[in-house]
Amino acid sequence: MSYDLIVIGTGPGGYVCAIRAAQLGMKVAVVEKRKTHGGTCLNVGCIPSKALLHASEMFAQATHDLPALGVVVGKPQLDLPAMMKHKDDTVSANVNGVGFLLKKNKVDAFHGRGVVKGAGKVDVVAEDGSVTSLETRNIVIATGSEASTPPGVSVAFDEEVIVTSTGAIALDKVPGKLLVIGAGVIGLELGSVWSRLGAQVEVIEYLDRILPGMDLDVAKQFQRILEKQGVKFHLSCKVTGVARSGAGASVTFEPVAGGDAQSMAADVVLVATGRRPYTDGLGLEEAGVAMDRGRIVIDEHFRSSVAGVYAIGDVVRGPMLAHKAEDEGVAVAEIIAGQHGHVNYDVIPGVVYTHPEIAAVGKTEEELKAAGVAYKVGKFPFTANGRARAMRAADGFVKVLSDAETDRVLGVHIVAVGAGELIHEAAVLMEFGGSAEDLARTCHAHPTMSEAVREAALAVDKRAIHV
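Everything in this summary refers to the structure shown in the same document. (Residues numbered from 1 in each chain as written. Predicted model: local features only at pLDDT ≥ 70, side-chain atom pairs only at ≥ 80, totals over all residues. Heavy atoms only, no water.)

1. Points about helix 1 (residues 12-23)
Line of reasoning, step 1. Taking 1.5 Å of rise per residue, the 12 residues of helix 1 would be expected to cover 16 Å, and the 16 Å separating its terminal C-alpha atoms lies within 8% of that figure.
Line of reasoning, step 2. Along helix 1, the residues that are buried comprise P12, G13, G14, Y15, V16, C17, A18, I19, A21 and A22.
Line of reasoning, step 3. Looking at the buried residues of helix 1, the elements they touch are strand 1 (2-8), strand 2 (28-32), helix 2 (39-44), helix 4 (80-104), strand 6 (131-141) and helix 8 (322-336).
Line of reasoning, step 4. Residue G25 follows helix 1 closely and has a positive phi angle near 95°. (Helix = DSSP H or I, 4+ residues; strand = E, 2+ residues; numbered from the N terminus. Expected span 1.5 Å × (residues − 1). Buried < 20%, exposed > 50% of the residue type's maximum accessible area, 1.4 Å probe, protein only. Contact = heavy atoms within 4.5 Å.)

2. Observations concerning the nonpolar core
Line of reasoning, step 1. By size, the foremost hydrophobic cluster in this structure holds 53 residues, and its most contacted members are L5, V140, I141, I296 and F302.
Line of reasoning, step 2. Discounting residues that sit within four places of it in the chain, I296 has contacts with I141, T279, L284, V289, A290, M291, S304, A311, V315 and V316.
Line of reasoning, step 3. Core analysis: the next-biggest nonpolar cluster, separate from the first, contains 41 residues, M84, W194, V218 and F397 among them. (Core = buried A, V, L, I, M, F, W, Y, C linked by side-chain atoms within 4.5 Å.)

3. Quick word on the environment of T36
Line of reasoning, step 1. Structurally, the position occupied by T36 is in the loop between strand 2 and helix 2.
Line of reasoning, step 2. For T36 and V98, which are 62 residues apart along the polypeptide, the C-alpha to C-alpha distance reads 9.0 Å.
Line of reasoning, step 3. Those residues in contact with T36 that sit more than four places away from it in its chain are N43, V95 and H111.
Line of reasoning, step 4. Within polar-contact distance, the side chain of T36 engages the side chain of N43 at 2.7 Å. (Polar contact = N/O pair within 3.5 Å; in protein donor to acceptor, adjacent residues only side chain to side chain.)

4. What to know about the environment of L458
Line of reasoning, step 1. Assignment of secondary structure puts L458 in helix 13 (residues 451-460).
Line of reasoning, step 2. For L458, a relative accessible area of 11% gives the class buried.
Line of reasoning, step 3. For the pair L458 and K173, spaced 285 residues apart in the sequence, the C-alpha separation amounts to 48 Å.
Line of reasoning, step 4. Other than its neighbours up to four places away in sequence, L458 contacts A440, R463, A464 and I465.

5. Let's talk about the layout of surface pockets
Line of reasoning, step 1. Roughly 720 Å³ of volume is contained in the second largest pocket.
Line of reasoning, step 2. Looking at the lining of the second largest pocket, the elements that each hand over two or more residues are helix 3 (46-65), helix 6 (185-196) and helix 7 (216-228).
Line of reasoning, step 3. Its residues assigned to classes, the lining of the second largest pocket comprises 11 nonpolar, 6 polar and 6 charged. (1 Å grid on protein atoms, 1.4 Å probe; cavity = no way out; pocket = protein on both sides within 12 Å on 5 of 7 lines; lining within 4 Å. Points joined across faces, edges and corners; volume = space filled by probe spheres on them. Nonpolar A, V, L, I, M, F, W, Y, C, P; charged D, E, K, R; others polar.)

6. Details of the side chain of E334
Line of reasoning, step 1. Take E334: it is sitting in helix 8.
Line of reasoning, step 2. Among the residues examined, E334 registers a relative accessible area of 16% and is labelled buried.
Line of reasoning, step 3. Those residues in contact with E334 that lie beyond four places of it in its chain are R20, L24, Q339 and G341.

7. Looking at the packing of aromatic side chains
Line of reasoning, step 1. All told, the structure shown has 1 aromatic pair when counted by the stated rule.
Line of reasoning, step 2. Seen in terms of ring centroids, Y3 and F110 are 6.3 Å apart; in terms of plane orientation they differ by 85°. Their pairing is edge-to-face. Separated by 107 residues along the polypeptide, Y3 in strand 1 and F110 in strand 3 (residues 108-111) bring together distant segments of the chain. The pair Y3 / F110 is uniform in exposure class, with both members buried.
Line of reasoning, step 3. Note that K33 overlies the ring of Y278, its terminal NZ or CZ placed 3.7 Å from the centroid.
Line of reasoning, step 4. Note that K379 overlies the ring of F397, its terminal NZ or CZ placed 4.4 Å from the centroid. (Phe/Tyr/Trp six-rings, centres within 6.5 Å; stacked < 30°, edge-to-face > 60°. Lys NZ or Arg CZ within 6 Å of the ring centre and 35° of its normal.)

8. A few points about the pattern of salt bridges
Where side chains of opposite charge bring their charged atoms close, a pairing between them can arise.
Line of reasoning, step 1. If you walk through the whole model with that rule in mind, you get 21 salt bridges.
Line of reasoning, step 2. For K50, the salt bridge is made with E189, and the minimal N-O distance between the two is 3.1 Å. You can see K50 sitting in helix 3 and its partner E189 sitting in helix 6, a full 139 residues away along the chain.
Line of reasoning, step 3. Of the charged contacts, one joins R303 and D299 as a salt bridge, the two residues approaching to 2.7 Å between their closest N and O atoms.
Line of reasoning, step 4. In this structure D299 comes out as partly exposed when scored by relative accessible area, which is 22%.
Line of reasoning, step 5. Here the residues in one salt-bridge network are D215, D217, E365, K379 and K399, joined through shared partners. (Salt bridge = Lys/Arg side-chain N within 4 Å of Asp/Glu carboxyl O.)

Right under this line is the structure:
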């Protein structure tokens, strides 16, 4: 069988790429190793974790927050199987939706491991070992990523006691103690889920801060918020061992600066120390595709070193984010079709779906300092926002960073309930090269949480009204 394009992997980058290519008139096929489409994100990542984050937040609100609003419901009881069913139903609806969209756009789907046999040739290796050989003018690698482990530490995952994020979204009971290795997005999100449901959660992090790569102001305030919620942190600590111990597990770690090692027992250990590109077994090196520490080397048009072979998403440089992969999927499909697809990597939002949420787009203050960029800062706290007070959601702030000379907005950082939605007016503003003054002059409805975004823009020029 011959195609204009074969996409290997049907996560957010792959299936979006396939659909866009089909819209542009190409004959398209996808190859997916899972029995369902959607990749890690829809099956065991973004979507199921958000279902549990929302459900656990509702449980926490019923437990702690509703009485203060005059809503008396009594002590809530946790039905964990029902919560997991909500998660599974959410996943099913999403992955079935992707399958429907591929069929609607006349994209052929093959299930099995995709192996690149050279320019224009892909083998699909099924579970039973049978091979289907396909021919195509173009190949896009969109195989995503998988969980990694701490450097130098051997970890035997059983996804019941010693787990990755995959096991952490499928526990059959609330652990008495959950030990999280890694204070990044995944660790804090899933740690938050089980903390709300009653687990004692402690986090071990190699660096001296949480949320590496995010604005330091955000990280510091958010750590204080999580500590108030009962999460305990062990920063500047290096994990040296993870092992089963009786019905649970134990973790050994020591201070990065030197000192005595200690061991900590837990019912469940979640290893959340990042992810690595999933490129093994794809035949890439045999086909001559240049690699760099597991990533596929691409040029500015997503082309690999082999003609007709492209790559997007987690297997290439840049942040490992589903929406970044989606944008790249659209761009590479348009490039293959002879159009001018592109991605603006300076305006890719990032969100941490905890309570409150964290959202950011653009540069951090630390990045601007390191680059020697002269900038101005405007901050506004939600304690001064009327809607936030009314919702008992006053934790957090908005921070706007703009160029000192041109006033162009360079970065926006938000800690707030609903921050993941608030961030997009900043993203649109930055996509059009807008200034803090543009944002400050834009009328915002009252009372809304988004007024705090405008006030932070006003604060850049030291003229915020409500502080």
